[in-house]
Amino acid sequence: MPPRLSVVVPVHNVAPWLTECLRSLAEQTLADLEVVVVDDGSTDDSAALAAAFAARDGRFRLVSQGNGGPGHARNTGVRHCDPGARHLAFADGDDVLPPHAYELLTATLDRTGSDLATGQVLRLTADGALGPAPGPRRAPAATRLRTHISRHWELAADRTVCNKVFRRSFWDEHAFAFPPGTRSEDLPVVLPAHFLARAVDVRGEPVHHWRERDTTGRPADVRGLQDRITQLLTVSAFLDEHRGPEDKRRYETHALTHELAPFMAALPEGDEAYRRAFLTYANEFTDQVDPAVLGALPLPARLLWHLVRERRTGELLALIADERAEPGAFTVRGTVRRTARYPALVRPVPGPLLRLGARDLPFTARLRAAHWRDGRLHLTGDTHLPGGPGPGGVRTGWLRAAHHAPVPLRLRTDRTPGRHPYGRDRAAFEAVVDPARIRPRPGGRERTSWYPEIGLAGPGLLRRAALTADRPTPPPPVHRPDGDHRIVPAFDDDGALVLHAERIDARFETHRAGTADDATATVVIDGMVRDGLGPGPLRLTLTHRPSGTVLHRPVTVHDGAVPSAAGWRRFTTDLPLAALAAARPAPAPGADRARLPYRLRLVGPDGRRTPLDVPGPVLPGDYPLAGDDDGPRALGLAAGDRGDLLIDDHAVRPH
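Conventions used here
- Residues numbered from 1 in each chain as written.
- Predicted model: local features only at pLDDT ≥ 70, side-chain atom pairs only at ≥ 80, totals over all residues.
- Heavy atoms only, no water.
- Core = buried A, V, L, I, M, F, W, Y, C linked by side-chain atoms within 4.5 Å.
- Buried < 20%, exposed > 50% of the residue type's maximum accessible area, 1.4 Å probe, protein only.
- Helix = DSSP H or I, 4+ residues; strand = E, 2+ residues; numbered from the N terminus.
- Pairing = 2+ DSSP bridges.
- Contact = heavy atoms within 4.5 Å.
- Polar contact = N/O pair within 3.5 Å; in protein donor to acceptor, adjacent residues only side chain to side chain.
- Axes fitted to C-alpha atoms, helices over the stretch in contact; angles between N-to-C directions.
- Parallel < 35°, antiparallel > 145°, perpendicular 65-115°, else oblique.
- Left-handed = near helix turned anticlockwise from the far one by under 90°.
- Phe/Tyr/Trp six-rings, centres within 6.5 Å; stacked < 30°, edge-to-face > 60°.
- Lys NZ or Arg CZ within 6 Å of the ring centre and 35° of its normal.
- Disulfide = S-S within 2.5 Å.
- Salt bridge = Lys/Arg side-chain N within 4 Å of Asp/Glu carboxyl O.
- Expected span 1.5 Å × (residues − 1).
- Arc of directions from axis to C-beta.

Novice: An account of the nonpolar core is needed here, citing residue identities and associated values.
Specialist: It is characteristic of soluble globular proteins that their nonpolar side chains tend to be buried jointly. Phe 90, Trp 171, Tyr 251, Phe 278, Trp 305, Tyr 342 and Leu 499 are the most contacted members of the largest nonpolar core, which totals 102 residues. No other element matches the seven residues that helix H10 (residues 272–286) contributes to this core.

Novice: Give a detailed account of the pairing of strand E27 (residues 595–603), specifying residues and quantitative values.
Specialist: Two elements, strand E24 (residues 538–544) and E27, share five bridges in a ladder whose sense is antiparallel. Opposite Arg 539, over in E27, you have Val 603 as the bridge partner. Here E27 pairs with strand E31 (residues 645–651) via five bridges, running antiparallel. Each residue of the ladder has a partner; that of Leu 596, found in E31, is Asp 649. Between E27 and the antiparallel strand that follows it, strand E28 (residues 609–610), lie five residues; Gly 607 among them carries a positive phi value of about 90°.

Novice: Explain the pairing of strand E18 (residues 447–458) residue by residue, including any values.
Specialist: Strand direction decides the pairing type here: strand E14 (residues 394–400) and E18, joined by seven bridges, are antiparallel. When the sheet's bridge partners are listed, Arg 395 is paired in E18 with Leu 456. Pairing between E18 and strand E21 (residues 497–503): four bridges, direction antiparallel. Paired with Thr 448 across the bridge in E21 is Ala 501.

Novice: Explain the environment of Thr 541 residue by residue, including any values.
Specialist: Inspection of the secondary structure puts Thr 541 in strand E24. Excluding residues within four positions of it along the chain, Thr 541 makes contact with Leu 551, His 552, Arg 599, Leu 600, Arg 601, Val 603 and Arg 609. Here Arg 609 takes part through its side chain, which lies 3.4 Å from a polar atom of the side chain of Thr 541.

Novice: Now, about the side chain of Asp 158: what can you tell me, with residues and values included?
Specialist: Mapped onto the elements of the fold, Asp 158 is located in the loop between strand E7 (144–147) and strand E8 (164–167). Engagement of the side chain of Asp 158 in a polar contact is seen with the side chain of Asn 163, the distance being 3.2 Å.

Novice: Would you mind going over the packing of helix H7 (residues 222–242) against helix H8 (residues 245–259) in detail, with residue names and values included?
Specialist: Running from N to C, H7 and H8 cross one another at 165°; their axes reach a closest spacing of 9 Å. One finds that H7 runs roughly antiparallel with respect to H8. The handedness of the crossing between H7 and H8 is right-handed. Residues Arg 228, Leu 232, Val 235, Ser 236, Leu 239 and Asp 240 of H7 touch H8, and the partners they reach there are Asp 247, Lys 248, Tyr 251, Glu 252, Ala 255 and Glu 259.

Novice: Mind laying out the packing of aromatic side chains, listing which residues take part and the relevant values?
Specialist: Summed over all chains, the structure comprises 11 aromatic pairs. Aromatic side chains Phe 90 and Phe 166 sit 6.4 Å apart centroid to centroid with 75° between the ring planes, which places their arrangement in the edge-to-face category. One end of the pair, Phe 90, is in strand E4 (residues 87–90); the other, Phe 166, is in strand E8, and 76 residues separate them in sequence. Of the two residues examined, Phe 90 and Phe 166, each falls in the buried class. Ring-pair connections join several aromatic residues into one group, and the members of that group are Phe 90, Phe 166, Phe 170, Trp 171, Phe 176 and Phe 178. Sitting over the ring of Phe 178, Arg 74 keeps its end group 5.0 Å from the ring centre. Across the ring face of Trp 568, the terminal group of Arg 507 is positioned such that the distance to the ring centre comes to 4.1 Å.

Novice: Account for the environment of Gly 604, naming residues and giving values.
Specialist: Mapping Gly 604 onto the fold places it in the loop between E27 and E28. Expressed as a C-alpha distance, the spacing of Gly 604 and Arg 213, which sit 391 residues apart in the sequence, is 48 Å. When sequence neighbours within four positions are dropped, the list of residues in contact with Gly 604 reads Leu 533, Pro 537 and Leu 538.

Novice: Residue-level account of the state of the cysteines, with values.
Specialist: If you walk through the whole model with that rule in mind, you get zero disulfides. Looking at Cys 81, it has no disulfide partner, and the nearest cysteine sulfur is the one in Cys 162, 14 Å off. Look at Cys 81 and you get buried, because its relative accessible area is 5%. Of all cysteine sulfurs in the structure, the one in Cys 21 sits closest to Cys 162, which takes part in no disulfide; the separation is 8.9 Å.

Novice: Would you mind going over the packing of H7 against H10 in detail, with residue names and values included?
Specialist: Their axes nearest at 10 Å, the elements H7 and H10 cross at an angle of 0°. Here H7 is positioned roughly parallel relative to H10, judged by the angle of their axes. Residue-level contacts link Val 222, Leu 225, Gln 226, Ile 229, Leu 232, Leu 233 and Ser 236 of H7 to Ala 273, Tyr 274, Ala 277, Phe 278, Tyr 281, Ala 282, Glu 284 and Phe 285 of H10.

Novice: Break down unusual backbone geometry for me, with residues and values.
Specialist: With an omega of 0°, the peptide bond running from Leu 299 to Pro 300 counts as cis. The residue Pro 300 is located in the loop between helix H11 (291–295) and helix H12 (301–310) in this model. One non-glycine residue, Ala 175, lies in the positive phi region at around 50°. Within the fold, Ala 175 resides in the loop between helix H5 (168–174) and helix H6 (187–196). Phi at Asp 374 takes a positive value of approximately 55°, unusual for a residue other than glycine. Following the sequence through the fold, Asp 374 ends up in the loop between strand E12 (364–373) and strand E13 (376–385).

Novice: Requested: an account of the pattern of salt bridges, with residues and values cited.
Specialist: For the structure on display, the rule yields 48 salt bridges. Linking Arg 198 and Asp 115 is a salt bridge whose minimum nitrogen-to-oxygen distance equals 3.2 Å. Of the two residues, Arg 198 is situated in the loop between H6 and strand E9 (200–211) and Asp 115 in the loop between helix H4 (101–112) and strand E5 (116–124); the sequence distance between them amounts to 83 residues. With a relative accessible area of 3%, Asp 115 lands in the buried category. In this structure, Glu 269 and Arg 324 form a salt bridge, with 2.7 Å as the shortest nitrogen-oxygen distance.

Novice: Describe H8, with residues and values.
Specialist: With 15 residues, H8 should cover 21 Å at 1.5 Å per step; its first-to-last C-alpha distance of 20 Å lies within 8% of that length. Listed as buried for H8 are Asp 247, Lys 248, Tyr 251, Glu 252, His 254, Ala 255, Leu 256 and Glu 259. Of the surrounding secondary structure, the elements contacted by the buried residues of H8 are H6, H7, helix H9 (261–265), H10, H11 and H12.

Novice: I'd love a proper account of helix H1 (residues 15–26), names of residues and values included.
Specialist: Taking 1.5 Å of rise per residue, 12 residues should cover 16 Å, and H1 covers 17 Å from first to last C-alpha, within 8% of that figure. All buried positions along H1 are accounted for by Ala 15, Leu 18, Cys 21, Leu 22, Ser 24 and Leu 25. One side of H1 carries all its buried residues, which in axial view fall inside an arc of 160°. On its buried side, H1 packs onto strand E1 (5–11), strand E2 (33–40), helix H2 (46–56), strand E3 (60–65) and H4.

If you want it as structure tokens, here you go:
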């Protein structure tokens, strides 16, 4: 009987990582699969390692050929797969897959009938840490089923093949094949597949751990540039033949502002041969781009590409250098009909290129520091606007939340003395947030997310900006203005500061060792719960989010038996240590096994879930758990960054 899934693994000199890759495939929870490993002329031990693995596991096969590049190896692998398999996937020999990856993607396709499924990619660093993948390998974060690139254009950035499962009939119907002998061969397959698919499933869970290795070469590389232009032309020709002009224009806009941006940015470091090649190959691409696409690009992209088209190398290099030193390196002329003036320009350019619209004058507010003082949150930073609003510019601040009227902020600003050489307007600011203005009201929502924003108004100009951090910054600590509410500062996915104002419905008080009726060891948790969660039975859920493992425990509420504050009742629950050890999730290959965290939620009879707030320090204490192959383990309790109670199953380090 054909396997449910075929996996093709091209291999070329990846011996240090190949065994880990193949093991992660062998340990997939979807066991009904075949793995075709194609050795592409390796000169190290890759072929021997793959052959040894195939000898131990009959689902693996080794195919050997001379070196032809990963695209050629993938095509060879597809030809050697069982044509009756329902699904097809690709993995690189130095990468790792979480154990549930293929089961998740294939089950989603079976349920929806879509033609391909894609999931999240995590970066696997040399020290084994996992983190966000770079843009070209990043799929949209939210789960969306039966969608399409024409409805969610962000799928244009999802151009890697190893985070996907294809329906085999869809692959064969369109005779997809990877271009041989090129670098980054995914693009000419993945983008057409996104457009040709009747529907696409996007999963928000990680399904691929991409190993970060320095194998892509420098951006200022003629071969890499030529390959990229060839791929872009291939996709453009496909869109010209199979899709409407709007899809082609949208993709070419993406190519000019994203795909080719690293190659243009490398021009100052490139030698003369690279600069000549860039002008030649880039113009080969722009020759077939609608001029309206070039004219509609934002500044400075439309000016940069005009200089490329005109082959004005000196001005192009000067403008790139100015933008690198100071983004938005122009002065603004006019107040109603604004135009930009760039010092790097020596000769005139068409007037429309320099006309400024709203998107060409981005107003930003950078947060430099945030701390609590005297019960209030003090925020300091600076605002930037290319060209400035003129002498009449006024800045104001507020807090914005859905379904709420804006709350004014106490804002003090200080204009930077003098003018920036390129006319950029700068002003330092200090804002003060009073928690009493944003905490949940009685009978209102349990949680409201407030975004601090700064607005700028001037002659013919109105802008607003959220407060964002330039680099990963820990947010200020949780603040509890009283026993019933807390303010939880955080940064959202775009780096904007958000203040979660939450009502506290359950509090952790203490933990202790206990014994169940069957004399087995437990951990007893005591706390307080607000009357509003009842009446009715409560339960505690423990969730290990990476694996989806969930445990449920009953909660005993003490009505009147123990003194409690008005509107609150005491509760007790226990965690059987043997049950926690038995439910221990299998860790993903390459993941850190030292700590397996669980998120805790108290669940009411109506399904409402609330975290356990930790208003003070958690007493230290580890509770022994059954160990694993790596040694002894224990259960620990701690307060998380958001002020919630967390528990973890962790390795016990020898003293």
